[in-house]
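Survey of secondary and tertiary structure
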Amino acid sequence: GFVYDSKNNLQMRGLIVLLLSKAAGPSHAASDPLTQDMVSGIYPRQRNLAEITELIHTAFLVHRGIVDLKEWTISDGPLKDMEFGNKMAVLSGDFLLANACTGLAQLNDTKVD
């Protein structure tokens, strides 16, 4: 009920990353100086990875919003508007993906599974 009900559909990819990070993360008893940065047992880098996961999914959804223009004819009035909308969807999705790649690079960890 928390993840999906008839009124709300929460984006759960980031939530799953956060929960797995918390479950697989170090114990609270560890006397690591990095534990000062933890919030609710989650490091900032783990939260960043969850945010990047949501950003990648959002970029996918924006790319999926492209309209198939094969059925449209030039005599249809809004054809140019639809073409412009498709271009904006591609550019917006690419912008989000570029930001996600930049965020992954800023994690400074080449092994992100």
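The rules behind the values
Residues numbered from 1 in each chain as written. Predicted model: local features only at pLDDT ≥ 70, side-chain atom pairs only at ≥ 80, totals over all residues. Heavy atoms only, no water. Helix = DSSP H or I, 4+ residues; strand = E, 2+ residues; numbered from the N terminus. Expected span 1.5 Å × (residues − 1). Buried < 20%, exposed > 50% of the residue type's maximum accessible area, 1.4 Å probe, protein only. Contact = heavy atoms within 4.5 Å. Axes fitted to C-alpha atoms, helices over the stretch in contact; angles between N-to-C directions. Parallel < 35°, antiparallel > 145°, perpendicular 65-115°, else oblique. Left-handed = near helix turned anticlockwise from the far one by under 90°. Nonpolar A, V, L, I, M, F, W, Y, C, P; charged D, E, K, R; others polar. Patch = residues over 30% accessible without salt bridge, like charges linked within 9 Å, V, L, I, M, F, W, Y side chains within 5 Å. Areas by Shrake-Rupley, 256 points an atom, 1.4 Å probe, with all protein chains shown as cover. Salt bridge = Lys/Arg side-chain N within 4 Å of Asp/Glu carboxyl O.

An unreviewed UniProt entry annotates the chain as Decaprenyl-diphosphate synthase subunit 2 of Characodon lateralis.

A word on helix H3 (residues 79–106). Over its 28 residues, H3 runs 41 Å from end to end, which matches the ideal 40 Å to within 8%, given 1.5 Å per residue. All buried positions along H3 are accounted for by Leu79, Asn86, Ala89, Gly93, Leu96, Ala100 and Gly103. At its buried positions, H3 is contacted by helix H2 (44–64). Remark: asparagine 108 follows H3 within two positions and exhibits a positive phi of approximately 55°.

Let us now look at the packing of H2 against H3. Between two packed helices, both the angle of their axes relative to each other and the distance between the axes serve to describe the pair. It is at 8 Å that the axes of H2 and H3 come closest, and there the two elements cross at 165°. In this view, H2 runs roughly antiparallel relative to H3, as classed from their interaxial angle. For the pair H2 and H3, the crossing hand works out as left-handed. On H3, the residues that touch Leu49, Ile52, Leu55, Ile56, Thr58, Ala59, Val62 and His63 of H2 are Ala89, Val90, Ser92, Gly93, Asp94, Leu96, Leu97, Asn99, Ala100, Gly103 and Leu104. Taken together, the residues of the contact of H2 with H3 break down into twelve nonpolar, six polar and one charged.

What follows covers a nonpolar patch on the surface. On the surface, Met12, Leu15, Ile16, Leu19 and Leu20 cluster together into a nonpolar patch covering about 430 Å² of accessible area. On the secondary structure map, leucine 15 appears in helix H1 (residues 13–24). A relative accessible area of 31% means that leucine 15 is categorised as partly exposed.

Applying the stated rule across the entire model yields one salt bridge. The residue arginine 47 makes a salt bridge to glutamate 51 at a minimum N-O spacing of 3.3 Å. In this pair, arginine 47 and glutamate 51 are both assigned in helix H2, four residues apart and thus about one turn of the helix distant. Among the residues examined, arginine 47 registers a relative accessible area of 39% and is labelled partly exposed.

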